[in-house]
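Structural features, examined
So the chains spell out like this:
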Amino acid sequence: MAAATSVTKTGESAIRGGIMQFWSCNLVTTAITSAGQQVDTVTIPGTLSGDVAFVNARAPIIGIIFQGASVTATDVVSVYSISNWVTNLATSAQVLDICIIKKGKGADTTSA
């Protein structure tokens, strides 16, 4: 398990029912075993349980598939990845983009 560095807010936009925030970070994953799963953490200030998180790698990474992200605690986003190789993967560095959707309190999120 690794923690991200250089976490930077790159933008924010108001959307119906909340706010969408855009973040980038550098993540160096530790070695992933063959067909193994890994969970890495990113500290993003202001995230709360119930916020929605999406993750995208800026460049393809051979052998690693990002399954998704979720807010697992206040200020903590967990990023889930797996290896689809039959051999162990060495440590790799990547830049990730993370989108957080913060739901507004009492906001109308269901009507058109």
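The paragraphs below set out a description of the structure included in this document.

Calculation criteria
Residues numbered from 1 in each chain as written. Predicted model: local features only at pLDDT ≥ 70, side-chain atom pairs only at ≥ 80, totals over all residues. Heavy atoms only, no water. Helix = DSSP H or I, 4+ residues; strand = E, 2+ residues; numbered from the N terminus. Buried < 20%, exposed > 50% of the residue type's maximum accessible area, 1.4 Å probe, protein only. Contact = heavy atoms within 4.5 Å. Areas by Shrake-Rupley, 256 points an atom, 1.4 Å probe, with all protein chains shown as cover. Pairing = 2+ DSSP bridges. Axes fitted to C-alpha atoms, helices over the stretch in contact; angles between N-to-C directions.

1. Thoughts on the overall build of the chain
Regarding its fold elements, the chain presents zero helices and seven strands. By residue count, 37% of the 112 residues in the chain fall in the buried class. Put simply, of all contacts in the chain between residues at least 6 apart along the chain, 65% involve residues at least 24 apart. Roughly 6300 Å² of accessible area belongs to the chain as shown, and the carbon and sulfur atoms make up 58% of that amount.

2. Remarks on the sheet that holds strand 3 (residues 37–43)
Judged by pairing direction, the sheet is antiparallel, and its three strands sit side by side in the order 3-6-5 without closing on themselves. Single-partner strands in this sheet number two, and they are strand 3 and strand 5 (64–73). Across the sheet, the mean angle from the axis of one strand to that of its neighbour is 25°, orientation sign disregarded. Taken together, the eight bridges between strand 5 and strand 6 (residues 76–83) define a ladder with antiparallel strand orientation. For Ala69, the partnering residue across the bridge sits in strand 6 and is Val79.

3. Looking at the environment of Val42
With respect to the helices, strands and loops of the structure, Val42 is situated in strand 3. Sequence spacing of Val42 and Val79 is 37 residues, and the spatial spacing of their C-alpha atoms is 7.5 Å. Apart from the residues within four sequence positions on either side, Val42 is in contact with Ala4, Val7, Cys25, Asp75, Val76, Val77, Val79 and Ile98.

4. Comments concerning the sheet that holds strand 4 (residues 52–57)
Pairing in this open sheet of four strands is antiparallel, and the strands run 1-2-7-4 from one edge to the other. Strands at the two margins of the open sheet, each flanked by one partner only, are strand 1 (5–15) and strand 4. Strand after strand, the sheet turns through a mean of 20° between neighbouring axes, direction not considered. Pairing of strand 4 with strand 7 (residues 92–103) involves six bridges; the strand directions are antiparallel. Opposite Asn56, over in strand 7, you have Asp97 as the bridge partner.

5. Describing the environment of Gly46
Here Gly46 shows up in the loop between strand 3 and strand 4. The class of Gly46 is partly exposed, set by a relative accessible area of 35%. The sequence separation of Gly46 and Asp75 amounts to 29 residues, and the corresponding C-alpha distance is 5.5 Å.

6. Comments concerning the pairing of strand 7
Direction of pairing for strand 2 (residues 18–29) relative to strand 7: antiparallel, over a ladder of 12 bridges. If you follow Ile19 over to strand 7, its bridge partner there is Lys102.

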